[in-house]
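Chains, contacts and geometry: an overview
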Amino acid sequence: MEELGYSCEAGCHKRVYLDGDRGVCVCPRVYEPAEDTWLALEAIREIEAGGPAPLCVDVGSGTGVLGLECASRGSYTVMIDLSPCAARCSLLNARGSGLDALVDVVQCDNASCLRCPGAGAYIMYNTPYLPVEDEGIEALAWSGGIGEAERLAALVAGCPGYRCVVLVYSSLSGSNERLLDVLSKAGVALKKGSLHLFFEDIVVVYGCREPRR
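Bear in mind that the values here come from a model prediction, so they are computed numbers and not experimental data.

Turning next to the sheet that holds strand β3 (residues 55-59). In space, the 7 strands of this open sheet follow the order β5-β4-β3-β6-β7-β9-β8, with mixed pairing throughout. The open sheet has two edge strands with one neighbour each: β5 (103-107) and β8 (189-197). Put simply, the sheet's adjacent strands are angled 15° from each other on average, direction ignored. Both β3 and strand β4 (residues 76-81) contribute to a ladder of 5 bridges, which runs parallel. From the neighbouring strand, V57 faces β4, where its bridge partner is V78.

This brings us to the pattern of salt bridges. With the rule as written, the count across this model stands at 9 salt bridges. For the salt bridge of D109 with R151, the shortest nitrogen-to-oxygen distance reads 3.2 Å. Remark: R151 occurs in helix α4 (residues 146-158) and D109 occurs in the loop between β5 and β6 (121-126); sequence separation between them is 42 residues. Residue R151 is classed as partly exposed on the basis of its relative accessible area of 36%. With its nearest N and O atoms 3.7 Å apart, the salt bridge here joins R178 to E150. Taken together, the positions of R178 in helix α5 (residues 177-185) and E150 in helix α4 put the pair 28 residues apart, joining distant regions of the chain.

Time to look at empty space enclosed by the protein. Per the stated rule, a full pass over the model turns up 1 cavity of 30 Å³ or more. There is about 40 Å³ of room inside the largest cavity. Residue lining of the largest cavity: I44, I47, E48, Y122, I123, M124, C164, V165 and V166, and that is the complete set. Class assignment of the residues belonging to the lining of the largest cavity gives a composition of 8 nonpolar, no polar and 1 charged.

Moving on, we get to the environment of V106. Relative to the assigned elements, V106 resides in strand β5. For V106, a relative accessible area of 27% puts it in the partly exposed group. For the pair formed by V106 and S83, sequence separation is 23 residues and the distance between their alpha carbons is 10.0 Å. Those residues in contact with V106, other than ones at most four positions away along the chain, are V78, M79, I80, D81 and C113.

Calculation criteria
Residues numbered from 1 in each chain as written. Predicted model: local features only at pLDDT ≥ 70, side-chain atom pairs only at ≥ 80, totals over all residues. Heavy atoms only, no water. Pairing = 2+ DSSP bridges. Helix = DSSP H or I, 4+ residues; strand = E, 2+ residues; numbered from the N terminus. Axes fitted to C-alpha atoms, helices over the stretch in contact; angles between N-to-C directions. Salt bridge = Lys/Arg side-chain N within 4 Å of Asp/Glu carboxyl O. Buried < 20%, exposed > 50% of the residue type's maximum accessible area, 1.4 Å probe, protein only. 1 Å grid on protein atoms, 1.4 Å probe; cavity = no way out; pocket = protein on both sides within 12 Å on 5 of 7 lines; lining within 4 Å. Points joined across faces, edges and corners; volume = space filled by probe spheres on them. Nonpolar A, V, L, I, M, F, W, Y, C, P; charged D, E, K, R; others polar. Contact = heavy atoms within 4.5 Å.

So this is what it looks like as structure tokens:
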């Protein structure tokens, strides 16, 4: 069994381009941005049309694409990943984008290392899709399923400072009824989108609470 460590020598393996010349490095052993990433990015941009957040939290940041979208709009951004290779890749891309002054990167499990923020924060998680049994660093990019989305939904419900949330998951990872119920009862006005790929739907659930007065 490979033990999870706190360091990784991963560097830039190749570049993926997002908008024109703007791109990110994809590092070895780190999930490469794909259709699910673009689905999440569309939801984030829709939410941010109402203005940038004072704080953005990108859980399971991988290459850092989602967090960098927030940072590019002036939001202080915390990128979190359990994999040391992904955490390093997020940091490399923050530096490469010239946004590292607005970004902190943390290696931890889900958002368990954070305190509840002040009002107006955004939090997002493009969850690892499937509840696989594999162990080691690379499995972290794929395992978790709907349970990881439910963990984050419970955090949002208990922390009113998280105003907006974006969650992406696969229809193959289980029922989303509990997830939707938790967020709805927490006062999040939910929207939903999906993208059909082969034998699954990639689902994005997103929305915001009414701002505090």
